Amino acid sequence: FDYHGITPAHLWNDPEGIPLIEKSEARAVVARHADLAMVHSEYMVEELTRHAQIDPHAIRVIPYVVPLDHFAPSAPDAELIERYDLSGHFVLLYIGRMAGNKRIDDLVRGLAEVRKHYPNTKLLLVGNNTVPVYRKCAEAALAIARDLGCEEQVIFTGPIPHSQLYRFYTTCHIYATASLHEG
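Each value, and the rule that gives it
Residues numbered from 1 in each chain as written. Predicted model: local features only at pLDDT ≥ 70, side-chain atom pairs only at ≥ 80, totals over all residues. Heavy atoms only, no water. Phe/Tyr/Trp six-rings, centres within 6.5 Å; stacked < 30°, edge-to-face > 60°. Helix = DSSP H or I, 4+ residues; strand = E, 2+ residues; numbered from the N terminus. Buried < 20%, exposed > 50% of the residue type's maximum accessible area, 1.4 Å probe, protein only. Pairing = 2+ DSSP bridges. Right-handed = clockwise from strand over helix to strand, strands pointing away. Core = buried A, V, L, I, M, F, W, Y, C linked by side-chain atoms within 4.5 Å. Contact = heavy atoms within 4.5 Å. Patch = residues over 30% accessible without salt bridge, like charges linked within 9 Å, V, L, I, M, F, W, Y side chains within 5 Å. Areas by Shrake-Rupley, 256 points an atom, 1.4 Å probe, with all protein chains shown as cover. Salt bridge = Lys/Arg side-chain N within 4 Å of Asp/Glu carboxyl O.

**Topic: the packing of aromatic side chains**
Within the structure shown, the criterion is met by 2 aromatic pairs. Centroid distance Tyr-84 to Phe-168: 6.2 Å. Interplanar angle 50°. Geometry classified as tilted. Pair noted here: Tyr-84 is in the loop between α3 (78-83) and β3 (90-95) and Phe-168 is in helix α6 (residues 165-171), with a separation of 84 residues, a long-range link. Using a relative accessible area of 1% as the deciding quantity, one classes Phe-168 as buried.

Here it is in structure tokens:
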């Protein structure tokens, strides 16, 4: 059983999605029937133990593997700079789902504040904004950007293959997150 975590329903910031999350939390008890549960951090051990009421000794932490040959300092990706019009801009980067608990809206508010001192700053939001619940968060963040006058500096890329993410990391200046729940 490979457990990746369940974001608590109250952090989703979407009342319509709460029943689905609560069902997911209840389904975690399936881990009790596994010979071994695998998680990717000590935090996930605690969370799985709480949700599934299983013995922590039946859980193993196996950290994610990072391909260091891809995630090493290198020159910014020229194709991405051109595609997203990043030349001459300071680039803030977020990679992940556009879910309520990730607080994309707070990243947009933060961008507006940063731009008061560094007007050449853009926010690159890399991740799924196509699933209805994620699209809803992205649209809300874009509305905030419109209200704050920084809509042109907020860039949603949509889903990007995992094998291509390193290109975004090498192109940004700062990685930013405001997430309230991470494993």
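**Re the pairing of β3**
Of all 6 residues making up β3, 5 are buried, and the element is well covered by its neighbours. Here 6 bridges tie β3 to strand β4 (residues 121-126), and the two strands are oriented parallel to one another. Bridge assignment links Leu-92 to a residue of β4, and that residue is Leu-123. With respect to chirality, the unit in which β3 leads through helix α4 (residues 104-117) into the neighbouring parallel β4 is right-handed. Where β3 lies against strand β6 (residues 174-175), 2 bridges are found, and the strand directions are parallel.

**Considerations on the nonpolar core**
For soluble globular proteins, nonpolar side chains are generally found buried alongside one another. Counting residues in hydrophobic clusters, the biggest one holds 21 residues, and the most contacted among them are Ile-104, Val-108, Leu-125, Val-154 and Phe-156. Counting residues per element, the ones that place at least two in this core are β3, α4, β4, α5 (132-148) and β5 (154-158). The residues contacting Ile-104, other than those within four sequence positions of it, are Tyr-94, Arg-97, Met-98, Leu-125, Ala-141 and Phe-156.

**What to know about a nonpolar patch on the surface**
Together, Val-66, Leu-68, Phe-71, Tyr-169 and Tyr-175 make up an exposed nonpolar region whose accessible area comes to about 460 Å². Mapped onto the secondary structure, Leu-68 falls in the loop between β2 (59-61) and α3.

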